[in-house]
Amino acid sequence: MAVTDPPAPTIPSEVSEPRDAREDAEAPREQANRRWNEILQETRVAQTGVQILFGFLLSVAFTAGFQDLGTIDRTIYVVTVVLGAAATGSLIAPVSIHRFLSGQRMKDELVETAHRLMMFGMALLALTIGSTLLLILRVVLPGLIAEFLVAGVMLYFAVCWYALPLWLRRRASRDENP
């Protein structure tokens, strides 16, 4: 948050108004500040996960067993590291953008851009996790078992991270407009 921006007001959680009614009562600047603070909290969680995973991936190439990997597994590793780097970049980018735009009165643009980067970064993170899992399971499990397990995990991510929120959004909009 820029030094010139006033802090967003706190709204008690026990307020009986629906969330959308509270958002309508907010001034545009208050809403942008609140949304920015929400993005920062979400970014902290995602950044920690991607940075730990990326650090692990970077260390794998320096282990003794890495030399024993075949061409396919080395390719999976390279793709995984690149995905992890891209996820890290997308999830850290809102911080850099905020530093460059701080004080420029561009909070709406900042929030929208950070939102898009977070969504893209989460997709890259899911792919990084999936390809990391594939690399590990291909070493541990025989045959196509690894690929089936990874497909199941990726389906689970798609449901939890994308389908469920979209379904909840659609259900909420149906409830508002009977």
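Residues numbered from 1 in each chain as written. Predicted model: local features only at pLDDT ≥ 70, side-chain atom pairs only at ≥ 80, totals over all residues. Heavy atoms only, no water.

Draft legend 1. Focus on the packing of helix 4 (residues 107–140) against helix 5 (residues 145–176). Relative orientation of the contacting elements helix 4 and helix 5 amounts to 160°, with a least axis distance of 9 Å. Considered as vectors, helix 4 and helix 5 are oriented roughly antiparallel to each other. Of the two elements, helix 4 crosses helix 5, and the hand of that crossing is right-handed. Together, Met119, Met122, Ala123, Leu125, Ala126, Leu127, Ile129, Gly130, Leu133, Leu134, Leu137 and Arg138 of helix 4 and Ala146, Glu147, Leu149, Val150, Val153, Met154, Phe157, Trp161 and Tyr162 of helix 5 make up the contact between the two elements. Across the contact of helix 4 with helix 5, the residue classes break down as 18 nonpolar, one polar and two charged. (Axes fitted to C-alpha atoms, helices over the stretch in contact; angles between N-to-C directions. Helix = DSSP H or I, 4+ residues; strand = E, 2+ residues; numbered from the N terminus. Parallel < 35°, antiparallel > 145°, perpendicular 65-115°, else oblique. Left-handed = near helix turned anticlockwise from the far one by under 90°. Contact = heavy atoms within 4.5 Å. Nonpolar A, V, L, I, M, F, W, Y, C, P; charged D, E, K, R; others polar.)

Draft legend 2. Layout of the packing of aromatic side chains. A full pass over the atoms with the stated rule returns two aromatic pairs. Look at Phe66 and Tyr77: their rings are 5.0 Å apart centre to centre, the planes differ by 70°, and that puts the pair in the edge-to-face class. Linking Phe66 in the loop between helix 2 (28–60) and helix 3 (71–101) with Tyr77 in helix 3, this pair joins segments that are eleven residues apart in sequence. As far as the burial class goes, Phe66 and Tyr77 line up, both buried. Pairing Phe157 with Trp161 gives two aromatic rings, centres 4.7 Å apart and planes at 10°, and the pair type is stacked. Taken together, the positions of Phe157 and Trp161, both in helix 5 and four residues apart, correspond to about one turn of that helix. Under the relative-accessibility criterion, Trp161 is labelled partly exposed at 28%. (Phe/Tyr/Trp six-rings, centres within 6.5 Å; stacked < 30°, edge-to-face > 60°. Buried < 20%, exposed > 50% of the residue type's maximum accessible area, 1.4 Å probe, protein only.)

Draft legend 3. Up close: unusual backbone geometry. With a phi close to 60°, Arg105 is a non-glycine residue in the positive phi region. Its place among the elements puts Arg105 in the loop between helix 3 and helix 4.

Draft legend 4. How the structure looks around the side chain of Ser131. Looking at the element boundaries, Ser131 is found in helix 4. There is a polar contact of 3.2 Å between the side chain of Ser131 and the backbone oxygen of Thr128. Residues in contact with Ser131, not counting those within four places in the same chain, are Ile76, Thr80 and Leu83. (Polar contact = N/O pair within 3.5 Å; in protein donor to acceptor, adjacent residues only side chain to side chain.)

Draft legend 5. Fine view of the pattern of salt bridges. For the structure on display, the rule yields five salt bridges. For Glu26, the salt bridge is made with Arg34, and the minimal N-O distance between the two is 2.9 Å. Residue Glu26 is classed as buried on the basis of its relative accessible area, which comes to 10%. A salt bridge links Arg116 to Glu112, with the nearest nitrogen and oxygen atoms 3.0 Å apart. Here Arg116 pairs with Glu112, and both are found in helix 4, just four residues apart, close to one helical turn. (Salt bridge = Lys/Arg side-chain N within 4 Å of Asp/Glu carboxyl O.)

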